[in-house]
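Chain and residue survey
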Amino acid sequence: MIEVKPSGQACGAEVSGIDLTKPLDNAQMAAIRDAWLEHHVLSFPNQALDDDGLERFSRYFGDFGVDPFFNPIAGRKNIAAILREADETSPLFAENWHSDWSFQAHPPAGTCLMAVDIPPVGGDTLFANQHKAFDAMPPEMRERFEGVTAIHSAKMAYAPDGAYGEADEEGRSMDIRPDESARETQTHPLVRPHPETGKLGLFSCMGYIIGFEGLSQEEALPLLTELYAWQSKDEFVYRHKWKPDMLIMWDNRSVLHKATGGYEGHRRELHRTTIAAYSG
Ligand code: SIN
């Protein structure tokens, strides 16, 4: 049976006692799913998974999600490369907190990331537990945010004039595909029950959340800023340190995540799949 060792931080656990290069049986899949729902971020060290293995693992937990603003790697429809060359100077990708593709009508339940080329220093991925962030809110703050409907959009990141838009293309090794469709909006409750566990949490944050229904931008902006600072407090954060041959999976309904730097002069590459929204 698998062994699950909690990180001792706000979320996250390391899973051993399993060989992901081989097909999993139902009991193994169920045990991983239970651990994922409990710890929100799972890491699997010492798993030399190729792209077939990454796809096979992801599909145990749902269909592939739709990745709107990345081109997939050659020969695959559902794997994107999170890539930074050793000499790259463009701003770090995904350095702000976010929940993947929260601007979609049915955002992905989870994301898997497989180590391909891990720098010897830096490049940790941070996760912020949004159940803990909600539970710890003082009552007056909770009152202000409960019942609020958030407006999500990818425009600040992926519109042609966004952070990863046309001006950013030169010198970036990642195959990002900005598009006018990034300006579309989608609403989701800010506080919502997790679709599988029912546990309340905060969903997404400023960046993909661009406003709140019924509030002007002037009213929404200070609230978004206050919320972002709260959601990402150190006490809610797990710092994931990468090793070669490591796979991780996280629950976008429970955590925010962000990339970190500190590996200048080194190449970093991870292969990523998304797991579509849970359909029961
Ligand atoms: C991501 O947000 O998908 C990438 C995280 C990372 O590069 O650590």
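A short tour of the structure in this document, coming up. (Residues numbered from 1 in each chain as written. Predicted model: local features only at pLDDT ≥ 70, side-chain atom pairs only at ≥ 80, totals over all residues. Heavy atoms only, no water.)

**Digging into helix 1 (residues 26-39)**
Residues lying three or four places apart along an α-helix face the same way, a consequence of the helix completing one turn every 3.6 residues. So the rule is basically this: Helix and strand definitions here come from DSSP, where helices need a minimum of 4 consecutive H or I residues and strands a minimum of 2 consecutive E residues; each element is numbered from the N-terminal end. By this rule the span expected of a helix is its residue count minus one, scaled by 1.5 Å. The buried label goes to any residue with under 20% of its type's maximum accessible area, the exposed label to any with over 50%, and the partly exposed label to all in between, with areas taken from a 1.4 Å probe on protein chains only. Residue contacts are defined here by distance: any two heavy atoms, one from each residue, within 4.5 Å place the two residues in contact. Think of a polar contact as two N or O atoms within 3.5 Å of one another; within protein, one of them needs to be a possible hydrogen donor and the other a possible acceptor, and neighboring residues in sequence only count if both atoms come from side chains.
Along its 14 residues, helix 1 runs 20 Å from first to last C-alpha, staying within 8% of the 20 Å computed at 1.5 Å per residue. Residues of helix 1 that are buried include every one of Ala 31, Ile 32, Arg 33, Ala 35, Trp 36, Leu 37 and His 39, and no others. Against the buried residues of helix 1 lie strand 1 (3-6), strand 2 (13-16), strand 3 (41-44), helix 2 (51-59), strand 5 (110-117) and strand 13 (247-251). By the N-cap criterion, in which a side-chain oxygen at the helix start approaches the backbone nitrogen of a residue two or three places on, helix 1 is capped by Asp 25, the distance to Ala 27 being 3.2 Å. The first or second residue beyond helix 1 is His 40, which carries a positive phi of 70 degrees.

**Side note on unusual backbone geometry**
Phi angles above zero are rare outside glycine, and Asn 46 is one such case at about 60 degrees. Mapped onto the secondary structure, Asn 46 falls in the loop between strand 3 and helix 2. Of note, Ala 94 is a non-glycine position whose phi angle comes to about 65 degrees, a positive value. Residue placement: Ala 94 occurs in the loop between strand 4 (80-84) and strand 5.

**Quick look at the site of the ligand**
Note the threshold: We call a residue near a given molecule or strand whenever any one of its heavy atoms falls within 4 Å of it. Using a 1.4 Å probe, accessible areas were evaluated by the Shrake-Rupley method; residue-level cover was limited to the displayed protein chains. We call Asp, Glu, Lys and Arg charged. Ala, Val, Leu, Ile, Met, Phe, Trp, Tyr, Cys and Pro are nonpolar, and the rest, Gly among them, are polar.
Around the ligand, a shell composed of Ile 82, Ala 94, His 98, Thr 125, His 257, Ala 259, Arg 268 and Arg 272 is seen. Thr 125 is positioned with one of its side-chain polar atoms (N or O) 2.6 Å from an oxygen atom of the ligand. Side-chain polar atom of His 257 to an oxygen atom of the ligand: 3.0 Å apart, as the coordinates give it. Contact with the protein chains covers 99% of the free accessible surface of the ligand, which is 260 Å². Of all elements in the fold, only strand 14 (255-259) and strand 15 (268-275) reach the threshold of two or more residues within the shell around the ligand. Looking at the shell around the ligand, its residues break down into 3 nonpolar, 3 polar and 2 charged.

**Comments concerning the sheet that holds strand 8 (residues 185-189)**
Let me state the cut-off plainly: When DSSP locates at least two bridges between a pair of strands, those strands are taken to pair. Axis geometry follows a simple rule: fit a line to the C-alpha atoms, using only the stretch in contact for helices, then measure angles between N-to-C directions, giving values from 0 to 180 degrees.
Taken in spatial order, the 3 strands line up as 8-7-11 in an open sheet, and their pairing is antiparallel. The strands lining the two open edges of the sheet, one partner per strand, are strand 8 and strand 11 (209-212). Averaged over all pairs of adjacent strands, the angle between strand axes in this sheet comes to 35 degrees, irrespective of strand direction. The pairing of strand 7 (residues 149-153) with strand 11 spans 3 bridges and is antiparallel. In the strand pairing of strand 11, His 152 is matched with Ile 209.

**Description of the pattern of salt bridges**
Short version of the rule: Between Lys or Arg on one side and Asp or Glu on the other, a salt bridge is scored when a side-chain nitrogen of the former is within 4 Å of a carboxyl oxygen of the latter.
Throughout the structure, instances matching the rule amount to 21 salt bridges. When the shortest N-O distance is used, the salt bridge between Glu 55 and Arg 76 registers 3.3 Å. In this pair, Glu 55 sits in helix 2 while Arg 76 sits in the loop between helix 2 and strand 4, placing the two residues 21 residues apart along the sequence. Given a relative accessible area of 18%, Glu 55 falls into the buried group. For Arg 76, a relative accessible area of 22% corresponds to the partly exposed category. Here the residues in one salt-bridge network are Arg 33, Glu 196, Asp 251 and Arg 253, joined through shared partners.

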